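These are the residues of each chain, in order.
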Amino acid sequence: MIRVAVTEDEKEYRDKLKEYLERYGKEKGYTNYVEYSDCRG
Amino acid sequence: MLNIAIVEDEKSCSDIIKKYIDRFQDIYGESFRCSVFSNGLEFIDEYRPVYDIIFMDIKMPLMDGMETARRLREADTETALIFVTNMARYAIQGYEVQALDFILKPVKYDEFEMKLKKAVKYCLGHRDDMIAIEAKDMICRISVREIMYVEVMDHSLLYHTPDRIYESYGQLKALEDKLIPYHFARCGKSYLVNLKYVSEVTAGSILVGNDKIPLSRRKRKEFLQALADYMGGGF
């Protein structure tokens, strides 16, 4: 499991992380994908 | 060229091992440099992590092979260790010191060849992942995969691994250049993090193993980019 909180203006990283985790996450040993929560970076 | 150490008190046995190593070189075209030590104490006393493969007897005067191996692992977690012994019951305890294998005496060439092949394969697979750390009282060799993060503290670098912390002198910038290809990223002025150990990123910190590390505002986007590249990139 990896948990990453991103802000609205970091949306591009959120989308990338989401896509990669869904595609490669299991192979890299993650059992779950990113959780999103709005935070002020 | 691979460096081999033979730690053996019986000269007849170390001679046989050397002869078998020469035979292996002739057959497979590998190149080895051999050093022989007649007991554990002599070997470990001024140990430097330069050996790729170590053949170690267990029953030796002054310091036995198992104790020597324990002390060896404090300085070198990666070298391929093979016990050569007639004490099978002790050899199977080799897992305690991450021994790669053991060979029973009297040593036969066929078995020796098989174990040396295994060790060579192990070494060639791990070679590029090693880093030498000049700690205060010794030089240690560890795999970069073991490093969770490196922290700067009072002009020292602290290498945090799952088992222990290694302290050395050095500059984080120089280390960063070396470790970037292994998926490390800066999360602030004083920290270099192995991305594979990151389990949480919040507004101002990241979780690496059980340690919470500050994530600077300035480095945040760069860090997220590196994390995304790691997720989507090579292993």
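For every chain, the first residue of its written sequence is number 1, and the numbers climb from 1 along that sequence. As they are written, the chains are lettered A onward and the ligands numbered 1 onward, keeping that order. A pLDDT threshold of at least 70 governs which residues receive local features in this predicted model, and a stricter bar of 80 or more applies before side-chain atom pairs are shown or counted, although totals over entire chains, interfaces and linings include all residues. Hydrogen atoms and water are omitted, and side-chain values are computed over all heavy atoms in the structure.

What follows covers the environment of Glu134 of chain B. Residues and elements named next belong to chain B. Relative to the elements of secondary structure, Glu134 occurs in strand E6 (residues 130–134). Residue classification places Glu134 among the exposed positions, given a relative accessible area of 57%. Note: C-alpha distance between Glu134 and Gly170 (36 residues apart in sequence) is 8.8 Å. We call two residues in contact when some of their heavy atoms are within 4.5 Å. In contact with Glu134, other than residues within four places in its own chain, are Ile139, Glu167, Ser168 and Tyr169. A run of H or I in DSSP counts as a helix once it spans at least four residues, and a run of E counts as a strand once it spans at least two, with each numbered from the N terminus. In this scheme, a residue with accessible area under 20% of its type's maximum is buried, one over 50% is exposed, and one in between is partly exposed, where area comes from a 1.4 Å probe on protein chains only.

Our next topic: the sheet that holds strand E15 (residues 211–214) of chain B. Two strands qualify as a pair provided that DSSP identifies no fewer than 2 bridges between them. Taken in spatial order, the 4 strands make up an open sheet running E1(A)-E13(B)-E14(B)-E15(B), and their pairing is mixed. Of all the strands in the sheet, the pair left with one neighbour each is strand E1 (3–4) of chain A together with E15 of chain B. As defined by bridge partners, strand E14 (residues 205–208) of chain B adjoins E15 of chain B across 4 bridges and the pair is classed as antiparallel. Looking at E15 of chain B, one finds that Ser205 of chain B is bridged to Pro214 of chain B. To obtain an axis, a line is fitted to C-alpha atoms, over the contacting stretch when the element is a helix, and the angle between two such axes runs from 0 to 180 degrees between their N-to-C directions. Set on the sheet, helix H7 (residues 220–232) of chain B makes contact with E1 of chain A together with strand E13 (198–201) and E14 of chain B; between it and E13 of chain B the angle comes to about 140°.

The next point concerns the sheet that holds strand E10 (residues 165–169) of chain B. Residue and element names in this part refer to chain B. Read across the sheet, 5 strands follow the order E10-E9-E8-E12-E11 without closing on themselves; strand pairing throughout is antiparallel. The sheet terminates laterally at E10 and strand E11 (184–188), the two strands that pair on one side only. The average angle at which neighbouring strand axes cross in this sheet is 25°, direction not considered. Bridge analysis of strand E8 (residues 149–153) against strand E9 (residues 156–160) gives 5 bridges, and the strand direction is antiparallel. When the sheet's bridge partners are listed, Tyr149 is paired in E9 with His160. Seen against the sheet, helix H6 (residues 172–179) touches E8, E9, E11 and strand E12 (191–194) and runs at an angle of roughly 20° to E12.

Residues and elements named next belong to chain B. Mapped onto the elements, Gln25 comes out in helix H1 (residues 11–28). Here a polar contact means two N or O atoms within 3.5 Å. Within protein one must be a hydrogen donor candidate and the other an acceptor candidate, and residues neighboring in sequence count only if both atoms are side-chain atoms. Polar side-chain contacts of Gln25 include one of 2.7 Å to the backbone nitrogen of Phe32. In contact with Gln25, other than residues within four places in its own chain, are Glu30, Ser31 and Phe32.

Moving on, we come to the side chain of Glu78 of chain B. Looking at the element boundaries, Glu78 of chain B is found in the loop between helix H3 (65–75) and strand E4 (80–85). In this view, Glu78 of chain B contacts Arg73, Tyr122, His126, Met130, Arg141, Ile142, Ser143 and Glu146 of chain B; residues no more than four positions away in its chain are not counted.

Residues and elements named next belong to chain B. Note on aromatic pairs: the rings of Phe, Tyr and Trp (six-membered ring only in Trp) are paired at centre separations within 6.5 Å, and the planes decide the class, stacked below 30 degrees, edge-to-face beyond 60, tilted for the rest. By the definition in use, this model includes 11 aromatic pairs over all chains. Here the aromatic rings of Tyr20 and Phe112 are separated by 5.6 Å at their centres, their planes lie at 55°, and the arrangement is tilted. Here Phe112 lies in helix H5 (residues 109–126) and Tyr20 lies in helix H1, a separation of 92 residues in the sequence. Across the pair, Phe112 and Tyr20 agree in class, each one buried. Through a chain of ring-to-ring contacts, three or more aromatic side chains come together here, namely Tyr20, Phe55, Tyr109 and Phe112. Either the NZ atom of lysine or the CZ atom of arginine qualifies as a charge over a ring when it sits within 6 Å of the ring centre and within 35 degrees of the ring normal. Lying over the aromatic face of Tyr109, Arg23 brings its terminal NZ or CZ to 3.9 Å of the ring centre. When the ring centre of Phe102 is taken as origin, the NZ or CZ atom of Lys115, which lies over that ring, is 5.8 Å away.

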